[in-house]
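Structural characterization, general
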Amino acid sequence: MNEAERPTVLEVQDLVVRYGQQTAVDGLSFSISRGEIFGLLGPNGAGKTTTLSVIEGLRKPDSGRVVIDGVETLHAPLAVKAKLGVQLQASSFQSELTIEQIARLYAGLYGLSLPQRQIRERLADVGLQQEITKPFKKLSGGQQQRFSLMVATIHNPSILLLDEPTAGLDPQSRRQLWDRIEGSRKRGGSILLTTHSMEEAQAVCDSVAIIDHGRLQAFGAPKDLVAMHRDDPRVQAVAHGDVTLEDVFIGLTGSAIRD
Ligand SMILES: Nc1ncnc2c1ncn2[C@@H]1O[C@H](COP(=O)(O)OP(=O)(O)OP(=O)(O)O)[C@@H](O)[C@H]1O
Ligand SMILES: [Mg+2]
């Protein structure tokens, strides 16, 4: 299937989110196609996590809408949840249960009744066969990450949302995570992720949106963005040699540190 024929999985349209006086997301629009790895990039405080929380249905936007597989999230929140895979944070897992019990519990929440054998196979797939009787908090950081990604995809979601999935991972775990994300894409899944590593975004994302102050600054395939902004004086001013996605990012969003 060529890119133009790929169905749209997620559409964010004119999203506005305010926290009191502050506008965190300010008229943001972008869309993601089936089988695409999409990077939402932006400096600290740009509005990435806020955007994800609206897509996840955790926060109501002040205006604008989110459409997943043709369904507007506000109209059918439960139907939409079944299409989403969200990587949960450590604190969301029940601390007294073993990871095998947690996996079974989450499969059940998505309406799947997986037999014990299949649950164990999935745990073995992510290298946790020795760990099945441990509670989540006794796993190492990398093991926790693999487990939460496995649980997030247990129901084969249309789109997987990952907020800074590689933060704090060692190079081995990071490489393994990318292999898993690629695997999920090969099975037709789409992924929306955030990262502060422009190198990573350039290497793995099919397309990226660079946002700042809740507004879209640039959108497209990393190599197209580099080609498009290569001669921008703001980008030239920060580039050393060949222009990279990071140069484009800093050129468009400025060098000042954010809170
Ligand atoms: N619950 C909240 N209440 C008030 N303000 C908030 C809240 N959450 C985020 N903000 C503010 O909204 C803006 C966007 O924050 P958000 O967490 O979406 O940014 P981000 O792009 O995810 O940043 P980071 O890269 O640091 O994770 C920031 O200015 C932040 O201080
Ligand atoms: Mg964030």
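Per an unreviewed UniProt entry, the chain goes by ABC transporter domain-containing protein and derives from Sinomonas humi. You can read under Sequence similarities (unreviewed entry) in the UniProt record for the chain the words "Belongs to the ABC transporter superfamily." Per UniProt, the chain carries the Subcellular location (unreviewed entry) text "Cell membrane".

Digging into unusual backbone geometry
Of note in this structure, D14 is not a glycine but carries a positive phi near 50°. Tracing the sequence through the fold places D14 in strand β1 (residues 8-19).

Some remarks on helix α6 (residues 171-186)
Taking 1.5 Å of rise per residue, the 16 residues of α6 would be expected to cover 22 Å, and the 22 Å separating its terminal C-alpha atoms lies within 8% of that figure. Remark: G188 follows α6 within two positions and exhibits a positive phi of approximately 100°.

Some points on the site of ligand 1
The environment of ligand 1 is made up of 13 residues, and the closest members are Q22, G45, K48, T49 and T50. Between an oxygen atom of ligand 1 and a side-chain N or O atom of N44, the distance comes to 2.9 Å. Between ligand 1 and the protein, one listed contact pairs an oxygen atom with a side-chain N or O atom of T50 at 2.5 Å. Its free accessible area being 640 Å², ligand 1 has 62% of it covered by the protein chains. At the level of secondary structure, the elements contributing two or more residues to the shell around ligand 1 comprise β2 (22-33) and α1 (48-55). Considering every element that reaches the shell around ligand 1, the biggest residue donor is α1, with three residues. When grouped by side-chain class, the residues that make up the shell around ligand 1 number four nonpolar, seven polar and two charged.

What counts and how
- Residues numbered from 1 in each chain as written.
- Chains lettered and ligands numbered in written order.
- Predicted model: local features only at pLDDT ≥ 70, side-chain atom pairs only at ≥ 80, totals over all residues.
- Heavy atoms only, no water.
- UniProt positions renumbered as here; feature names shortened; annotations may be inferred.
- Helix = DSSP H or I, 4+ residues; strand = E, 2+ residues; numbered from the N terminus.
- Expected span 1.5 Å × (residues − 1).
- Near = heavy atom within 4 Å.
- Polar contact = N/O pair within 3.5 Å; in protein donor to acceptor, adjacent residues only side chain to side chain.
- Areas by Shrake-Rupley, 256 points an atom, 1.4 Å probe, with all protein chains shown as cover.
- Nonpolar A, V, L, I, M, F, W, Y, C, P; charged D, E, K, R; others polar.

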